[in-house]
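Spelled out from the first residue to the last, the chains are:
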Amino acid sequence: VRVGDDEDGLDEAEVNGNWTPQEKALHEARLKAKAKRRLRRSSSRNSASESSESKDLAGADPHSPKGKVVTNDRKSRMGKGRGLPKKGGAGGKGVWGAAGMVYEDEEPDVKDPNYDESAQGDTVYETVMPEVEEREMEKMVNPIVQEYFEHGDTKEVQMLLKELNLGPHKYEVSSLAVSLSLEGKASHRELTSLLLSDLSGKMLSQGDMSRAFDKMLKDLPDLILDTPEAPQMLGQFIARAIADHVLPMDFLDYHKGKVDCEHARVALDRAAVLLSMKREMVRLDNVWGVGGGLRPVKHLVKEMNLLLKEYLISGDVAEAEHCLRDLEVPHFHHELVYEAVVMVLESNGDTAGHMMMKLLQSLWKTGLITVDQMNRGFERVYNELPEICLDVPHAHSIMENFVDLCYQESVITKQLRDTCPSRGRKRFVSEGDGGMIKN
């Protein structure tokens, strides 16, 4: 039997509606076989849907088109899922969500690539200063302290330090300032003590100050290499700081018996001695002396008088120069010239004149006394000579001799010698001038 002829005959019988029982059974068997092949291809996990699909296929209308897809069907075509529309029916082209859905205002996200800062209204910009690292502290603080040694204005130092974000390393400002002053003059150490007193309670606490001095006590072996007197000086700083309430009162008691370094013990002992000498914790204002222009004029005049008197006794020119440098008042050295000339006028004999000439000559050669200061000191004596003559009648003659001696030794200029005043001497009839008085 030819299969092609049987299929043609079945199709003709199907078209004509003349089904024989044999043909009808054969047709149903073919449909079932086709349904089984489709089930094997399907990857659906839902057995119920698979059985229902096979039943539908088994009872399908033979006239229905095969494999036709409904275009408006929004169910999954993979045979998976629960048969619900995607996104709950809220998806699709031109759709912004499910029907009736209301969107609320959302805060703009700074991390959004489309974020526009200028479109967010009034924007406040704040300058953020990065925190100073520990290795950069010395580089940034030292110029401020060195400039402070020139102008002495603690408020300016506070303003400059506030502009720096020192962070947890701010206590090192105290240790850096003290370290710089140890290598400087006594006036620098006095200014450093004043700076610590002004910074305490405003920028630095007692805890910060204690931490700074603890660090300096540990660093004393290194500080001694540059400044051999560092232990004694640091002891004076500690005593002054305790008296000024910069350091806590129990600072020395806390370190007693806990320090192994010999240099640190020397510093603490020095501070203890200075504090025991003062009653009722009076401020140790003179622990560094009163340096430079901070001294009152009367005090400077007294110091210079004492310096000259000691020189007349000892004759040590080098010691006199050292004492004059320690006064740190180069702008006031004309006072030394004035006091020296007055002492010569008030002295007896020529010894004082020769000694003062040697002292002025040495100070002139070393540059401690300039031409202007030398001229100013002598001119002050010239102007006050009439008043000096009331106490020293022979002041004019002594002055002329001393000026000639200084000029011969190149201590003063010819112009300064020529301006020295001289008092004319009146001669009378007894001297044989024919009864005439000559001016």
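Everything that follows concerns the structure shown earlier in this document.
Given the structure is predicted, the values throughout are model-derived calculations rather than measurements.

Chemist: Can you help me understand the nonpolar core in this one?
Modeler: If you look at soluble globular proteins, the nonpolar side chains tend to sit buried side by side. Core analysis: the largest hydrophobic core is formed by 49 residues, its most contacted members being Phe-213, Leu-217, Leu-234, Ile-238 and Phe-251. Examining the composition of this core, we find that eight residues originate from one element, helix α10 (residues 230-243), more than from any other. Filtering out sequence-adjacent residues up to four positions away, Ile-238 remains in contact with Phe-213, Leu-217, Leu-247, Phe-251, Leu-252, Leu-268 and Ala-271.

Chemist: Honestly, a positive patch on the surface in this entry has me stumped. Any pointers?
Modeler: On the surface, a cluster of positive charge is made up of Lys-32, Lys-34, Lys-36, Arg-37, Arg-38, Arg-40 and Arg-41. Residue Lys-36 is classed as exposed on the basis of its relative accessible area of 53%.

Chemist: Would you mind going over the environment of Leu-217 with me for this structure?
Modeler: Along the chain, Leu-217 turns up in helix α8 (residues 206-218). Taking the C-alpha atoms as reference points, Leu-217 and Cys-261, 44 residues apart in sequence, are found 8.4 Å from one another.

Chemist: I tried to follow unusual backbone geometry on my own but got confused; where do I start?
Modeler: Glycine aside, a negative phi is what most residues show, and trans is what most peptide bonds show. Positive phi, normally seen in glycine, also occurs at His-245, with a value near 65°. Mapping His-245 onto the fold places it in the loop between α10 and α11 (251-255).

Chemist: Even after reading the chapter, I still don't get the environment of Val-128, so can you show me in this structure?
Modeler: By secondary structure assignment, the location of Val-128 is in the loop between α3 (47-58) and α4 (134-151). Distance in space between the C-alpha atoms of Val-128 and Asn-165 is 9.2 Å, their sequence separation being 37 residues.

Chemist: What is the right way to read a nonpolar patch on the surface from this model?
Modeler: The grouping of Trp-96, Met-101 and Tyr-103 at the surface amounts to a nonpolar patch, some 470 Å² of accessible area in total. Relative to the helices and strands, Met-101 resides in the loop between α3 and α4. Relative accessible area serves as the criterion here: at 49%, Met-101 is assigned to the partly exposed category.

Chemist: Just to check I follow, could you spell out empty space enclosed by the protein for this structure?
Modeler: With a probe scaled to a water molecule rolled over the atoms, the places where space remains empty come into view. Throughout the structure, instances matching the rule amount to one cavity of 30 Å³ or more. The computed volume of the largest cavity comes to approximately 40 Å³. Every residue lining the largest cavity is listed: Leu-161, Leu-166, Lys-170, Val-173, Leu-199, Met-203 and Leu-204.

Chemist: Before we go on, may I ask you to explain the side chain of Glu-321 in this structure?
Modeler: Here Glu-321 lies in helix α14 (residues 317-327). No salt bridge is formed by the buried Glu-321, whose closest oppositely charged neighbour, Arg-325, lies at an N-O distance of 5.0 Å. Polar side-chain contacts of Glu-321 include one of 2.4 Å to the side chain of Ser-362. Once you skip the residues sitting within four places of it in the chain, Glu-321 turns out to touch Ser-362, Leu-363, Thr-366 and Leu-368.

Chemist: Would you mind going over the packing of aromatic side chains with me for this structure?
Modeler: We describe a pair of aromatic rings using the distance from one ring centre to the other and the angle between the two ring planes. Scanning all chains against the criterion turns up three aromatic pairs. Pairing Tyr-148 with Phe-149 gives two aromatic rings, centres 6.1 Å apart and planes at 45°, and the pair type is tilted. For Tyr-148, a relative accessible area of 0% gives the class buried. We classify Phe-149 as buried; its relative accessible area is 11%. These aromatic residues form a ring-pair network of at least three members: Phe-378, Tyr-382 and Phe-402. The ring of Tyr-338 is capped by Arg-380, whose NZ or CZ atom sits 4.1 Å from the centre of that ring. When the ring centre of Tyr-407 is taken as origin, the NZ or CZ atom of Arg-417, which lies over that ring, is 4.4 Å away.

About the thresholds
Residues numbered from 1 in each chain as written. Predicted model: local features only at pLDDT ≥ 70, side-chain atom pairs only at ≥ 80, totals over all residues. Heavy atoms only, no water. Core = buried A, V, L, I, M, F, W, Y, C linked by side-chain atoms within 4.5 Å. Buried < 20%, exposed > 50% of the residue type's maximum accessible area, 1.4 Å probe, protein only. Helix = DSSP H or I, 4+ residues; strand = E, 2+ residues; numbered from the N terminus. Contact = heavy atoms within 4.5 Å. Patch = residues over 30% accessible without salt bridge, like charges linked within 9 Å, V, L, I, M, F, W, Y side chains within 5 Å. Areas by Shrake-Rupley, 256 points an atom, 1.4 Å probe, with all protein chains shown as cover. Salt bridge = Lys/Arg side-chain N within 4 Å of Asp/Glu carboxyl O. Lys, Arg positive; Asp, Glu negative; His and termini not counted. Charge placed at Lys NZ, Arg CZ, Asp CG, Glu CD. 1 Å grid on protein atoms, 1.4 Å probe; cavity = no way out; pocket = protein on both sides within 12 Å on 5 of 7 lines; lining within 4 Å. Points joined across faces, edges and corners; volume = space filled by probe spheres on them. Polar contact = N/O pair within 3.5 Å; in protein donor to acceptor, adjacent residues only side chain to side chain. Phe/Tyr/Trp six-rings, centres within 6.5 Å; stacked < 30°, edge-to-face > 60°. Lys NZ or Arg CZ within 6 Å of the ring centre and 35° of its normal.

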